[in-house]
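Remarks on the overall topology
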Amino acid sequence: MKIGLYPGSFDPITFGHLDIIERSARLFDKLYIGVLNNNAKHPMFTVEERAALIKEVTKHIPNVEVSFFSGLLAEYVDVIGADAIIRGLRAVTDFEYEIQIAQMNHELNSRVDTIYLTTSTEYAYLSSSIVKEIAMYHGEVTKFVPEAVAFKLKEKANKR
Ligand code: PNS
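A brief report on the enclosed structure follows. (Residues numbered from 1 in each chain as written. Predicted model: local features only at pLDDT ≥ 70, side-chain atom pairs only at ≥ 80, totals over all residues. Heavy atoms only, no water.)

Here the structure, examined in full by the defined rule, presents four aromatic pairs. Between Tyr-6 and Phe-10 the ring centres are 5.2 Å apart and the planes differ by 80°, which places this aromatic pair in the edge-to-face class. Exposure remark for Tyr-6: the relative accessible area of 4% places this residue in the buried category. Under the relative-accessibility criterion, Phe-10 is labelled buried at 3%. Pairing Phe-69 with Tyr-76 gives two aromatic rings, centres 5.1 Å apart and planes at 15°, and the pair type is stacked. Comparing Phe-69 with Tyr-76, the two get one shared label, buried. (Phe/Tyr/Trp six-rings, centres within 6.5 Å; stacked < 30°, edge-to-face > 60°. Buried < 20%, exposed > 50% of the residue type's maximum accessible area, 1.4 Å probe, protein only.)

Right under this line is the structure:
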């Protein structure tokens with residue numbers, strides 16, 4: 001059984017992430033979404049909130065499982081027995097950062113490689129940070145994130 005691991009902050013999940021999840025779920029028997037539990041990054045959503053949203057918007061994909069991790073990704077890969085790490089690439093700027101991380105992860109754990117899927121062009125400009133900023137200014141985000149996520153973003157914006 002081939003196991004993939006798609007790690008990230010997912011603060012919150014966007015249509016760009018969902019696109020990568022749907023496409024990589026077809027490439028693996030099982031796909032773990034590894035949600036980074038790291039408060040040093042000061043996420044807007046708690047790890048439980050992020051995981052609950054991912055579960056909600058991926059419930060139509062049977063071979064997806066949401067999990068948490070803290071610490072090194074190169075070690076977590078062994079904990080769940082993943083064969084590959086999946087990451088999405090939007091642009092050359094992503095590539096510069098991602099190649100460094102992939103090489104370091106391979107150095108730390110030579111068993112695992114990173115596979116990149118290029119983001120579908122309609123989502124190439126999307127990022128969680130930009131979506132959060134739009135939402136905090138009460139902008140419309142339903143084009144960028146699933147409805148459940150847009151609802152939670154509105155709640156956060158109204159609380160500020
Ligand atoms: O969605 P993001 O924030 O781009 O995801 C980044 C993530 C979670 C993949 C990366 O920060 C990570 O793997 N963090 C775990 C700590 C770690 O292993 N760092 C060393 C990488 S060289």
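So much for the structure itself; the text now carries on.
This part takes up the packing of helix α5 (residues 128-136) against helix α6 (residues 147-159). α6 packs onto α5 with a crossing angle of 55° between their chain directions and a minimal axis gap of 9 Å. By the criterion of interaxial angle, the relationship of α5 to α6 is oblique. Like other packed secondary-structure pairs, α5 and α6 cross with a definite hand, here right-handed. For the pair formed by α5 and α6, the contact residues are Val-131, Lys-132, Ala-135 and Met-136 on the first element and Leu-153, Lys-156 and Ala-157 on the second. Across the contact of α5 with α6, the residue classes break down as five nonpolar, no polar and two charged. (Axes fitted to C-alpha atoms, helices over the stretch in contact; angles between N-to-C directions. Helix = DSSP H or I, 4+ residues; strand = E, 2+ residues; numbered from the N terminus. Parallel < 35°, antiparallel > 145°, perpendicular 65-115°, else oblique. Left-handed = near helix turned anticlockwise from the far one by under 90°. Contact = heavy atoms within 4.5 Å. Nonpolar A, V, L, I, M, F, W, Y, C, P; charged D, E, K, R; others polar.)

All right, on to the side chain of Ser-128 then. Within the fold, Ser-128 resides in helix α5. Ser-128 sits in the buried class, given a relative accessible area of 14%. Those residues in contact with Ser-128 that sit more than four places away from it in its chain are Asp-11, Pro-12, Thr-14 and His-17.

Membership of the largest hydrophobic core comes to 35 residues, with the highest contact counts inside it found for Tyr-6, Ile-21, Leu-31, Ile-33, Val-141, Val-145 and Leu-153. Contributing elements (two or more residues each) for this core: α1 (15-25), β2 (30-36), α2 (47-57), β3 (64-69), β4 (84-89), α5 and α6. No other element matches the five residues that α2 contributes to this core. In contact with Tyr-6, not counting residues within four places along its chain, are His-17, Ile-20, Ile-21, Leu-31, Tyr-32, Ile-33, Gly-34, Ile-86, Arg-87 and Gly-88. Phe-69, Leu-73, Val-77 and Val-112 belong to the second largest nonpolar core, which has 12 residues in total. (Core = buried A, V, L, I, M, F, W, Y, C linked by side-chain atoms within 4.5 Å.)

This part takes up the pattern of salt bridges. In this structure the tally under the stated criterion is 10 salt bridges. Between Lys-156 and Glu-49 there is a salt bridge, with the nearest N and O atoms lying 3.1 Å from each other. Within this pair, whereas Lys-156 is found in helix α6, its partner Glu-49 is found in helix α2, the two being separated by 107 residues in sequence. The exposure class of Lys-156 is partly exposed, given its relative accessible area of 23%. Its relative accessible area of 28% is what places Glu-49 among the partly exposed residues. (Salt bridge = Lys/Arg side-chain N within 4 Å of Asp/Glu carboxyl O.)

A separate point is the site of the ligand. Near the ligand, the surroundings consist of Gly-8, Ser-9, Leu-36, Lys-41, Phe-69, Gly-71, Leu-72, Leu-73, Arg-87, Ile-101, Met-104 and Asn-105. In this structure, an oxygen atom belonging to the ligand sits 3.0 Å away from a side-chain N or O atom of Lys-41. Isolated, the ligand exposes 550 Å² of accessible area, and the fraction of that covered by the protein chains is 76%. Here the element with the most residues in the shell around the ligand is helix α4 (residues 92-108); it accounts for three residues. Partitioned by chemical class, the residues of the shell around the ligand number six nonpolar, four polar and two charged. (Near = heavy atom within 4 Å. Polar contact = N/O pair within 3.5 Å; in protein donor to acceptor, adjacent residues only side chain to side chain. Areas by Shrake-Rupley, 256 points an atom, 1.4 Å probe, with all protein chains shown as cover.)

Excluding glycine, a negative phi dihedral is what most residues carry, and trans is how most peptide bonds are arranged. Between Asp-11 and Pro-12 the backbone carries a cis peptide bond, its omega angle lying at 0°. Relative to the helices and strands, Pro-12 resides in the loop between β1 (3-8) and α1. Non-glycine residue Phe-10 carries a positive phi angle of around 50°. Relative to the helices and strands, Phe-10 resides in the loop between β1 and α1.

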